[in-house]
Amino acid sequence: MIAQLFISIQKTVLYFDIFNCPLTREELFQFLIEPPSKLDYYQFCGLLDDFVITKNQWLETKNGYYFLRNRSSIVVERERRVWYLEKKMRRARYAARLVKFIPFVRAFFVCNQIQIGVNQKSDIDALILVKEGRL
């Protein structure tokens with residue numbers, strides 16, 4: 001099980017590295033590719049810490065993020081994207097507050113790859129559901 005978990009961690013970190021996206025411990029557990037069966041979060045955390053400290057040659061951690069060795073610059077990029085995301089979400093919440101007064105609007109969703117692909121020039125993709133026959 002331990003060898004399978006380490007392979008899963010490696011696959012997951014490699015996949016998200018394509019998008020320059022280091023993962024938090026929770027995200028790594030949530031998005032784990034081919035996780036071993038019957039693995040709970042607390043077991044995962046203990047094994048991950050053990051792996052990073054003792055047996056690791058390719059994984060680093062910084063500010064709570066896990067990423068490939070010598071790729072610490074993507075942590076700064078991720079933190080910048082989080083700042084942009086918060087700014088974009090404030091705008092989306094403002095738009096949702098305005099739209100909620102339209103009687104036939106049923107739901108307002110922000111969608112797309114908001115966590116991975118946000119930068120200063122990104123737009124906000126929204127999905128608005130309306131009552132049948134109104135649009």
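In the block above lies the structure referred to throughout.
Residues numbered from 1 in each chain as written. Predicted model: local features only at pLDDT ≥ 70, side-chain atom pairs only at ≥ 80, totals over all residues. Heavy atoms only, no water.

> Even after reading the chapter, I still don't get the pairing of strand 2 (residues 59-62), so can you show me in this structure?
On a regular strand, each side chain points to the face opposite its neighbour's, so the side chains alternate between the two faces of the sheet. As paired strands, strand 2 and strand 3 (residues 65-68) are joined by four bridges and run antiparallel to one another. Following the sheet pairing, L59 is matched in strand 3 by L68. What sits between strand 2 and strand 3 in their antiparallel hairpin is a turn of two residues, with N63 showing a positive phi close to 55°. (Pairing = 2+ DSSP bridges. Helix = DSSP H or I, 4+ residues; strand = E, 2+ residues; numbered from the N terminus.)

> Where do I start with the sheet that holds strand 1 (residues 23-24) in this structure?
Backbone-to-backbone hydrogen bonds pair the strands of a sheet. The strands run either parallel or antiparallel. Strand order across the open sheet formed by three strands is 1-3-2, with antiparallel pairing between neighbours. Strand pairing shows two members of the sheet lacking a second neighbour, strand 1 and strand 2, which therefore form its edges. Across the face of the sheet, helix 1 (residues 2-17) comes into contact with strand 1, strand 2 and strand 3 while running at roughly 85° to strand 3. Along the sheet, helix 4 (residues 73-99) contacts strand 1, strand 2 and strand 3; its crossing angle with strand 3, the most-contacted strand, is approximately 135°. (Contact = heavy atoms within 4.5 Å. Axes fitted to C-alpha atoms, helices over the stretch in contact; angles between N-to-C directions.)

> Hey, could you run me through helix 1 in this one?
For an α-helix, the turn length of 3.6 residues means that residues three or four places apart are oriented alike. Look at helix 1: 22 Å from first C-alpha to last across 16 residues, which is about the 22 Å you get at 1.5 Å a residue. Within helix 1, the full set of buried residues consists of L5, F6, S8, I9, T12, V13, F16 and D17. Here the buried residues of helix 1 occupy an arc of 165° about the axis, which is enough to place them on one side. (Expected span 1.5 Å × (residues − 1). Buried < 20%, exposed > 50% of the residue type's maximum accessible area, 1.4 Å probe, protein only. Arc of directions from axis to C-beta.)

> Could you clarify how one ought to interpret the pattern of salt bridges in this entry?
Applying the stated criterion across every chain yields a total of six salt bridges. One salt bridge in this structure joins K11 and E34, with 2.7 Å as the shortest N-O distance. Here K11 is found in helix 1, whereas its partner E34 is found in the loop between helix 2 (25-30) and helix 3 (41-55), with 23 residues between them in sequence. When its relative accessible area of 35% is taken as the criterion, K11 is described as partly exposed. (Salt bridge = Lys/Arg side-chain N within 4 Å of Asp/Glu carboxyl O.)

> Is there a simple way to think about the nonpolar core in this case?
As a rule of thumb, soluble globular proteins bury nonpolar side chains together. Formed by 19 residues in total, the largest nonpolar core has its most connected members in I9, L28, F44, L48 and L59. Every residue in contact with F44, bar those within four places of it in the chain, is listed here: L5, I9, R25, L28, F29, L32 and L39. (Core = buried A, V, L, I, M, F, W, Y, C linked by side-chain atoms within 4.5 Å.)

> So what exactly am I meant to see when it comes to a positive patch on the surface here?
On the surface, a cluster of positive charge is made up of K87, R90, R91, R93, R97 and K100. In this structure, K87 sits in helix 4. (Patch = residues over 30% accessible without salt bridge, like charges linked within 9 Å, V, L, I, M, F, W, Y side chains within 5 Å. Areas by Shrake-Rupley, 256 points an atom, 1.4 Å probe, with all protein chains shown as cover. Lys, Arg positive; Asp, Glu negative; His and termini not counted. Charge placed at Lys NZ, Arg CZ, Asp CG, Glu CD.)

> Any chance you could explain the environment of Y66 here in plain terms?
Checked against the element boundaries, Y66 lands in strand 3. Taking the relative accessible area as the measure of exposure, Y66 reaches 5% and is therefore buried. C-alpha of Y66 to C-alpha of S37: the two residues are 29 residues apart in sequence and 22 Å apart in space. Excluding anything up to four places from it in sequence, Y66 contacts P22, L23, T24, R25, L28, L48, D49, V52, L59, E60 and T61. Of the polar contacts made by the side chain of Y66, one reaches the side chain of R25; its length is 2.9 Å. (Polar contact = N/O pair within 3.5 Å; in protein donor to acceptor, adjacent residues only side chain to side chain.)

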